[in-house]
Amino acid sequence: MAIQISKLSYTYTGRAEPALREVSLTFRPGEVALIVGQSGSGKTTLARCINGLIPHSYKNGTLVGEIRCYEKSTAGLSLAQLARLIGTVMQDPDKQIVATRVFNEIAFGLENLGLSRDDIRARVHEAAEYLHIPHLLDRETHTLSGGELQKVVIAGALAMRPRTLLLDEPLSSLDPPSARDALALFRRLADADMAVVMIEHRVRDALRITPEHGVALHQGAVAFDGDAAGLRAWMRAQRNGRPTPRLPARSVAAQGEPLISFRQVRFAYPGSPQEQLRGVSFDVRAGDVIALMGPNGAGKSTLCKTAIGLLRPSAGQVIVAGEDAARFTVAQIVRKVGYVFQNPAAMLFANTLREELSFGPRNVGMSEDRIVATIARVLETVGLGHLSLDQSPFGLSFGQQKRIALAGVLAMQPDVLILDEPTAGLDDGTAEDLIQRLLTAEHGPQAIVMVTHDLSLAHRFANRVVLVADGQVVADGSPTEILESADTMRRARLDPAVVSADDQSPDG
Amino acid sequence: MINPQMVEMSMQTFDPRARVTFYACLTTAVLLVNDLRVLAGLALLGSGVLLFARVPWERIKRIWLGVVIFIALITALNLLFRTPLEAAQQALRAVAMAAASLAVVLTFDPAYLGVTFRRMGFPDKFAFALDLTARFVPTLMRDFRITIDAQRARGYELESRDRSLKGILTVGRRFVPLIVPVVVRAVLDAEDRANAMDLRAFGTGPRTWLQTLRLRLPDYVLIAASFALLAGAIAARLVLG
């Protein structure tokens, strides 16, 4: 056995409820094990117990039960010993990078183990070759893309030659081609007799590499433990109790004058040798639910930032509510167009939810009476009506913070809402519930633009898909027309093979 | 951050430890002496070192503009509240330190920051903390930009059509609340980064530093000259006051 977990329970200090309850699991060499569960189900806590952060770094909680790693109890192993057995890759690769150069980053763990310089250099080259990234070795880490960072972090873990690879949401920041490459790599490692344990929200993607083992956690306990087919059936059974997501009628036919009109928009960042936007034109009308898709670096977020004036086009025009956006400040434009950033941490700053949610409406001059009514309504819209307005946003889970950030923008009552990766970091159920609530909200926005890599989201909720590649719109049409056209998807450097019937069904 | 590889450097021919020693001695000397002639000499030395570093003017002209404004400000304040002598002393100190700082910082490869201090006798953890700081600067700047954009997207007004000093100060004051989310984010990120380092066995025993440093004759000469400069400054302070 690679890892054997027996009756493991863990309670964080200061919390009444345990994060893990009597978890017993076994992971074997040569298999990919997929662990799923909603936000707060205990997945990350389980990962911390396996890799030794609990109890080595989180010392104050209460740990009961045992984990054996290759027949040795982890209780008697130091972090350095565990690091040789278990390589860990966490959710956000950017937060794991510690060195300024790629070579030094991959070498970091080996330096800490005190290996000789010759050994270190040989192992760094070996790991880089295995991941096909020798060309990155001299690059500075802050210049790498999300997919490249992911590979560098994995190379850093593999260089220590672990026998188990533990992955906590490795796909969350990757576009479809990078996610496909990463999944193929995990399969290859398992086929080479490594135990690969993967916690992942993008379950449909992860199931494509046919994991040998599937586990579902619910409220800290094991709710399912079996093979991948069984996991799929279990998830389908779980969904039967929930309403089936459907395309809301209001998003089927867009109408009226454009709320936003991009007209031959061009943009280049200062000092950049090439333009990020090269003559983008399309309209957003009332009733539109647009999935703005394309590979990393295609210009999607840049385009959205021109819509609210954070970036000003070098040529062309953005027309908002019939007027040239160039004439207005950002604070004036956001009364019409709301923008929710991918990472809620960038948006949240106040001590209480009340203060947080009042911030935007106050900035746009809403009366205090109206603010009170509005923030109560938007909290209901994002499914957090049960929270106290006096609590801090920083004590909430990532998924809840994401919904609070959305509520903060909704409270400003924009006509158009732009969501940057709305489902990133959320489990499928929570993400669908959130979008569903948004589309059926009584005082919701008239149109929604979602920047997303999630093909399933586009299929289920959008009435239009706008594909962007190399700063240009390469296709604009219905989800079926665009996402199922192999030729169109290839033009946007996306893989049509990853769109399957699964993506259109609610079953996962 | 300026990439030192892109700067044509002659300062980089010296071992980083020799450069750090020189900088420490020059800075201490500048702070020790009060004599205008010696301070003028040190300011000339600092400027000479910056010329020797051959940092392209395009890269430092904005920084120098800031330095000139800062010097003008402290000189004016000293003239107002103290004596012309003190004003001249502070101005010369600022020139010497700004020039030497630019010469050393802009020619320093951040990948060598940690190993430099480790080889100077500092502990592993302290040396690596310096490495991390170098890595954090661009990250922190990027996070600050994102936070500013995120708050502007919530209607927080940071633009002003008022180009007067009052308008600029108003915009400056409005940046203050944005420091909170940046700091919170940095603290949360630091926990993740500390975990990532723990998981790669950091701090569990003596570590190997991949980069090697070797002192050559010119480095020894520079180190000796640096200490001679410091000794001269101490003598000047004792003799000239």
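Residues numbered from 1 in each chain as written. Chains lettered and ligands numbered in written order. Predicted model: local features only at pLDDT ≥ 70, side-chain atom pairs only at ≥ 80, totals over all residues. Heavy atoms only, no water.

1. Description of the overall build of chain A
Test applied: Strands here mean DSSP runs of E at least two residues long; helices mean DSSP runs of H or I at least four residues long; both are numbered from the N terminus. Note on exposure labels: buried denotes an accessible area under 20% of the residue type's maximum, exposed denotes more than 50%, and partly exposed covers the range between, all computed with a 1.4 Å probe on protein chains only. Contact criterion: two residues are considered in contact whenever any of their non-hydrogen atoms come within 4.5 Å of each other. To measure how exposed things are, a 1.4 Å probe is used in the Shrake-Rupley method; for residues, cover is taken only from the protein chains shown. Here the positive residues are Lys and Arg and the negative ones are Asp and Glu; neither His nor the chain ends is included. Positions of charges follow a simple convention, taking NZ of Lys, CZ of Arg, CG of Asp or CD of Glu.
Scanning chain A for helices and strands turns up 19 helices and 20 strands. Dimensions of chain A, computed from C-alpha atoms along their principal axes, come out at roughly 70 × 50 × 40 Å. Counting only residues that meet the buried cut, chain A has 60% of its 508 residues in that class. Here the contacts in chain A between residues at least 6 apart in sequence split such that 69% fall between residues at least 24 apart. For chain A, the exposed surface amounts to about 19300 Å²; the carbon and sulfur share of it is 48%. Looking at charge distribution, chain A has the averaged site of its 53 positive side-chain charges lying 1 Å from that of its 57 negative ones.

2. A look at the overall build of chain B
Scanning chain B from N- to C-terminus turns up nine helices and zero strands. Across its three principal axes, chain B shows a C-alpha extent of roughly 60 × 55 × 30 Å. Long-range contacts, defined here as pairs at least 24 residues apart, represent 78% of the contacts in chain B between residues at least 6 apart. Side chains of chain B give 29 positive and 18 negative charges; the mean places of these two sets differ by 3 Å.

3. Re the interface of chain B and chain A
What counts, and what does not: Put simply, buried area is how much 1.4 Å-probe accessible surface two parts lose in total, over both of them, once they are put together. Whenever Lys or Arg places a side-chain nitrogen within 4 Å of a carboxyl oxygen from Asp or Glu, that contact is recorded as a salt bridge. Pairing of N or O atoms within 3.5 Å defines a polar contact, subject to two protein rules: one partner must be a possible hydrogen donor and the other a possible acceptor, and residues neighboring in sequence count only if both atoms are side-chain atoms.
The interface of chain B with chain A comprises 49 residues on the first partner and 61 residues on the second. Contact between chain B and chain A buries roughly 5000 Å² in total, counting both sides, with carbon and sulfur atoms accounting for 55%. When the buried area of chain B at its contact with chain A is split by residue, B:Arg154, B:Arg200 and B:Leu210 rank highest and sum to 20% of it. The interface formed by chain B and chain A contains five salt bridges. When the shortest N-O distance is used, the salt bridge between A:Arg101 and B:Asp109 registers 3.3 Å. Applying the counting criterion to the chain B and chain A interface returns 20 residue pairs in polar contact (both at pLDDT 80 or more).

4. With respect to the environment of A:Ile308
By secondary structure assignment, the location of A:Ile308 is in the loop between helix H10 (300-307) and strand S14 (315-320). Residues within four places of A:Ile308 in sequence aside, it is in contact with A:Val330, A:Ile333, A:Val334, A:Val337, A:Tyr339 and B:Ala153.

5. Comments concerning the domain arrangement of chain A
Residue and element names in this part refer to chain A. Counted only if it meets this: Boundaries of every domain are those given by an automatic assignment or by a domain database.
You can read the domains of chain A as domain 1 (3-241) and domain 2 (290-311 + 327-491). Relative placement of domain 1 and domain 2: their C-alpha centres are 30 Å apart. Here domain 1 meets domain 2 over a buried area of about 1200 Å², counting both sides, of which 40% is carbon and sulfur. Sorting the residues of domain 1 by area buried against domain 2 places Asp175, His201 and Arg204 first, and these three jointly supply 40% of that buried surface. Connecting domain 1 to domain 2 are zero salt bridges. Along the contact surface separating domain 1 from domain 2 lie zero residue pairs in polar contact (both at pLDDT 80 or more).

6. So, the confidence of the model for chain B
All names here are of chain B. The following threshold applies: Every residue gets a pLDDT, meaning the predictor's confidence in that residue, from 0 to 100.
Of the residues in chain B, 93% have a pLDDT of 70 or more, and the chain-wide mean is 84. Ranking the elements of chain B by mean pLDDT puts helix H7 (residues 165-174) last with 73 and helix H1 (residues 16-32) first with 94. Confidence drops under pLDDT 50 across residues 1-9; counting only partners more than four residues distant or on other chains, this segment forms 26 contacts. On the interface metric, ipTM, the complex scores 0.73, and its pTM is 0.74.

7. Side note on the pattern of salt bridges
Charged atoms that come close allow side chains of opposite charge to pair. Per the counting criterion, the structure on display carries 29 salt bridges over all chains. Where A:Arg266 meets A:Glu275, a salt bridge forms, and the shortest distance between an N and an O atom there is 2.9 Å. In this structure, B:Asp149 engages B:Arg152 in a salt bridge whose closest nitrogen and oxygen atoms are separated by 3.9 Å. Of the two residues, B:Asp149 and B:Arg152 both sit in helix H6 (residues 124-152), three residues apart, roughly one turn of that helix. Overall, the relative accessible area of 16% leaves B:Asp149 in the buried class. Here the salt bridges share partners, and the residues they tie into one network are A:Arg187, A:Asp191 and A:Glu212.

8. Some thoughts on the side chain of A:Thr11
All names here are of chain A. Along the chain, Thr11 falls in strand S1 (residues 3-11). According to the relative accessible area criterion, Thr11 is buried, its value standing at 19%. Aside from chain neighbours lying at most four places away, what touches Thr11 is Ala16, Glu17, Pro18, Ala19, Gly61 and Thr62.

9. Comments concerning the environment of A:Asp390
Residue and element names in this part refer to chain A. Assignment of secondary structure puts Asp390 in the loop between helix H13 (368-381) and helix H14 (398-410). Residues within four places of Asp390 in sequence aside, it is in contact with Thr352 and Arg354. A distance of 2.5 Å separates a polar atom in the side chain of Asp390 from a polar atom in the side chain of Arg354.

10. Things to note about the packing of aromatic side chains
Centre distance and the angle of the planes are the two values used to describe a pair of aromatic rings. Formally: Planes of paired rings set the category: under 30 degrees apart is stacked, over 60 is edge-to-face and the rest tilted, where pairs are Phe, Tyr or Trp rings (Trp by its six-membered ring) whose centres lie within 6.5 Å. Charges are assigned to positions over rings by a cutoff of 6 Å between ring centre and Lys NZ or Arg CZ, combined with an angular limit of 35 degrees from the ring normal.
Applying the stated criterion across every chain yields a total of 15 aromatic pairs over all chains. Aromatic side chains B:Phe122 and B:Phe126 sit 5.0 Å apart centroid to centroid with 25° between the ring planes, which places their arrangement in the stacked category. By the ring-pair criterion, three or more aromatic residues cluster together here, those being A:Phe108, B:Phe128, B:Phe202 and B:Trp209. Over the face of the ring belonging to A:Tyr130 we find A:Arg188, whose NZ or CZ atom lies 4.6 Å from the ring centre. Directly above the aromatic system of B:Trp209 lies the positively charged group of B:Arg207, at a separation of 4.5 Å from the ring centroid.

11. So, helix H12 (residues 353-363) of chain A
Taken together, the buried positions of H12(A) are occupied by A:Leu353, A:Glu356, A:Leu357, A:Ser358, A:Phe359, A:Gly360 and A:Pro361. At its buried positions, H12(A) is contacted by H13 and H14 of chain A together with H6 of chain B. Immediately beyond the C-terminal end of H12(A), within one or two residues, lies A:Gly365, with a positive phi of roughly 85°.

12. Some points on the confidence of the model for chain A
Residue and element names in this part refer to chain A. The pLDDT averaged across chain A works out to 87; a share of 94% of its residues lies at or above 70. Low pLDDT, under 50, characterises residues 244-251; the stretch is placed with 23 contacts to residues that sit more than four places away or in other chains. Low pLDDT (under 50) marks residues 497-508, which in the prediction has 30 contacts with non-local residues, meaning those over four places away or in another chain.

13. Concerning the nonpolar core
Where a protein is soluble and globular, its nonpolar side chains tend to be buried together. Residue and element names in this part refer to chain A. Inclusion rule: To define a nonpolar core, start from buried Ala, Val, Leu, Ile, Met, Phe, Trp, Tyr and Cys residues and group those joined through side-chain atoms within 4.5 Å.
One finds Phe282, Leu292, Leu406, Leu417 and Leu467 to be the most contacted residues of the largest nonpolar core, which totals 88 residues. If you tally residues by element for this core, the top one is H14, at six residues. Leave out the neighbours within four places in its chain, and Phe282 touches Ile260, Ser261, Phe262, Ile290, Leu292, Leu303, Arg464, Val466, Val473 and Asp476.

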